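# Fold and geometry: a report
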Amino acid sequence: MSIAPYKTLMKRASDSFIVNKSRFIGHGAPVESEEEALGFLAEMRREYQDASHNCYAYIIGTNMGIMRYNDDGEPGGTAGMPIIEVMKARGVTNAIVVVTRYFGGILLGAGGLVRAYTQGAAMALNAAQVAVMHPTQRLLVDVPYPLLGRFEHFLKSAPVRVEDKAFTDTITFTLCVRSADAEAFQRDLVQHTDGRCEPLVMEEFHAPWPEEDNAAL
């Protein structure tokens, strides 16, 4: 796969806080296209149609080629711009952040709005969890019952995710491993199980891995 790793969001999520009686809700979501971003925005506008503002920003493309933001009626530069600056600072793309505001009756001023929307964007990204998209392999491994304990102990320190475990005449594990780690993982697995467990590569695709697992990026 030729696409280089890039940062995005793991899932859809939201978080909220209150500043001078105004309630802010930061929503974050991974998206694959501008159409998907606009669809998420429309969904948030429907769900929070009674809100004072639904300000947003989104970035699309592995090269961050599409960047859009909107203040949705807040003073120019106090909402959409702070949101997209937070996203750019975290390096995320293929993502959208919507910050909803319920006005509490106390004006925050331009500086207060910038701080609030900056905080809302940061909380949205934290809730949705920044991740790194990596080429990833899905593996099947048949494990004899006598080796189950040894195999599961090995997995605890291995750079893999367990997707599924099926019990038949053997235990069939479905695992995901970053393609960059796959060769070393397969070698260590064969060595650890005395050659009795050899993984079968089912497919390769891009998948998100938590940012903390990618400290070098």
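Values in this document were obtained by computation on a predicted structure and should not be read as measured data.

## Structural notes on the overall build of the protein chain
A count of helices and strands for the protein chain gives five helices and 10 strands. The globule rule puts the C-alpha radius of gyration for 217 residues at 17 Å, and the 22 Å found for the protein chain is more than 25% above it. C-alpha atoms of the protein chain, sized along the principal axes, occupy 70 × 35 × 30 Å. Counting every position in the protein chain, which comprises 217 residues, the buried fraction comes to 46%. Carbon and sulfur atoms form 51% of the exposed surface of the protein chain, whose accessible area is close to 10,700 Å².

## Regarding the environment of Thr 118
Mapped onto the elements of the fold, Thr 118 is located in helix H3 (residues 109-128). Residue class for Thr 118 comes out partly exposed when judged on its relative accessible area of 29%. Taking the C-alpha atoms as reference points, Thr 118 and Pro 144, 26 residues apart in sequence, are found 53 Å from one another. Looking at Thr 118, its side chain comes within polar contact range of the main-chain oxygen of Val 114, at 2.7 Å.

## A look at the side chain of Ser 179
Positionally, Ser 179 belongs in helix H5 (residues 179-192). Overall, the relative accessible area of 18% leaves Ser 179 in the buried class. When sequence neighbours within four positions are dropped, the list of residues in contact with Ser 179 reads Pro 135, Thr 136, Gln 137 and Glu 204.

## Comments concerning the pattern of salt bridges
For the structure on display, the rule yields nine salt bridges. The partner of Arg 12 in a salt bridge is Glu 43, and the shortest N-O contact between them spans 2.5 Å. Taken together, the positions of Arg 12 in the loop between strand S1 (6-9) and strand S2 (13-19) and Glu 43 in helix H1 (residues 34-47) put the pair 31 residues apart, joining distant regions of the chain. On the basis of relative accessibility, which here comes to 48%, the residue Arg 12 falls in the partly exposed class. When the shortest N-O distance is used, the salt bridge between Glu 163 and Arg 138 registers 2.7 Å.

## Examining the packing of aromatic side chains
Scanning the entire structure with this criterion turns up six aromatic pairs. Seen from their ring centres, Phe 17 and Phe 24 are 5.4 Å apart, and the 10 degrees between their planes marks the pair as stacked. Of the two residues, Phe 17 and Phe 24, neither departs from the other in class, the shared state being buried. Aromatic pair Tyr 145 and Phe 167: ring centres 6.4 Å apart, planes at 35 degrees, arrangement tilted. You can see Tyr 145 sitting in the loop between strand S7 (130-143) and helix H4 (148-156) and its partner Phe 167 sitting in strand S8 (residues 160-167), a full 22 residues away along the chain. A residue is classified by how much of its surface remains accessible, and Tyr 145, at 39% relative accessible area, is partly exposed. In textbook terms, an aromatic cluster arises when at least three aromatic residues are bridged by ring pairs, as seen for Phe 17, Phe 24 and Tyr 117.

## Focus on the packing of H4 against H5
For the pair H4 and H5, the least separation of the axes is 11 Å and the interaxial angle reads 150 degrees. The angle between the axes of H4 and H5 places the two elements in the roughly antiparallel class. In terms of crossing hand, the pair formed by H4 and H5 is right-handed. The residues of H5 that touch H4, namely those facing Arg 150, Phe 151, Phe 154 and Leu 155, are Phe 185, Asp 188, Leu 189 and His 192.

## Quick look at H5
One full turn of an α-helix is made of 3.6 residues, so residues set three or four places apart face in the same direction. Its 14 residues place the ends of H5 20 Å apart at the C-alpha level, agreeing with the 20 Å of an ideal helix rising 1.5 Å per residue. Taking the largest bend as the criterion, H5 deviates by roughly 25 degrees, centred on Phe 185. For H5, the set of buried residues is Ser 179, Ala 182, Phe 185 and Leu 189. At the C-terminal side of H5, Asp 194 shows a positive phi close to 55 degrees.

## Looking at the UniProt feature "domain: Impact N-terminal" (unreviewed entry) in the protein chain
Those residues carrying the UniProt feature "domain: Impact N-terminal" (unreviewed entry) are residues 21-125 in this numbering. End C-alpha to end C-alpha, residues 21-125 measures 23 Å, and it is 40% helix and 29% strand.

The rules behind the values
Residues numbered from 1 in each chain as written. Predicted model: local features only at pLDDT ≥ 70, side-chain atom pairs only at ≥ 80, totals over all residues. Heavy atoms only, no water. Helix = DSSP H or I, 4+ residues; strand = E, 2+ residues; numbered from the N terminus. Rg over C-alpha atoms; globule rule 2.2 N^0.38 Å. Buried < 20%, exposed > 50% of the residue type's maximum accessible area, 1.4 Å probe, protein only. Areas by Shrake-Rupley, 256 points an atom, 1.4 Å probe, with all protein chains shown as cover. Polar contact = N/O pair within 3.5 Å; in protein donor to acceptor, adjacent residues only side chain to side chain. Contact = heavy atoms within 4.5 Å. Salt bridge = Lys/Arg side-chain N within 4 Å of Asp/Glu carboxyl O. Phe/Tyr/Trp six-rings, centres within 6.5 Å; stacked < 30°, edge-to-face > 60°. Axes fitted to C-alpha atoms, helices over the stretch in contact; angles between N-to-C directions. Parallel < 35°, antiparallel > 145°, perpendicular 65-115°, else oblique. Left-handed = near helix turned anticlockwise from the far one by under 90°. Expected span 1.5 Å × (residues − 1). Bend = angle between axes of the 7 residues up to and from the residue. UniProt positions renumbered as here; feature names shortened; annotations may be inferred.

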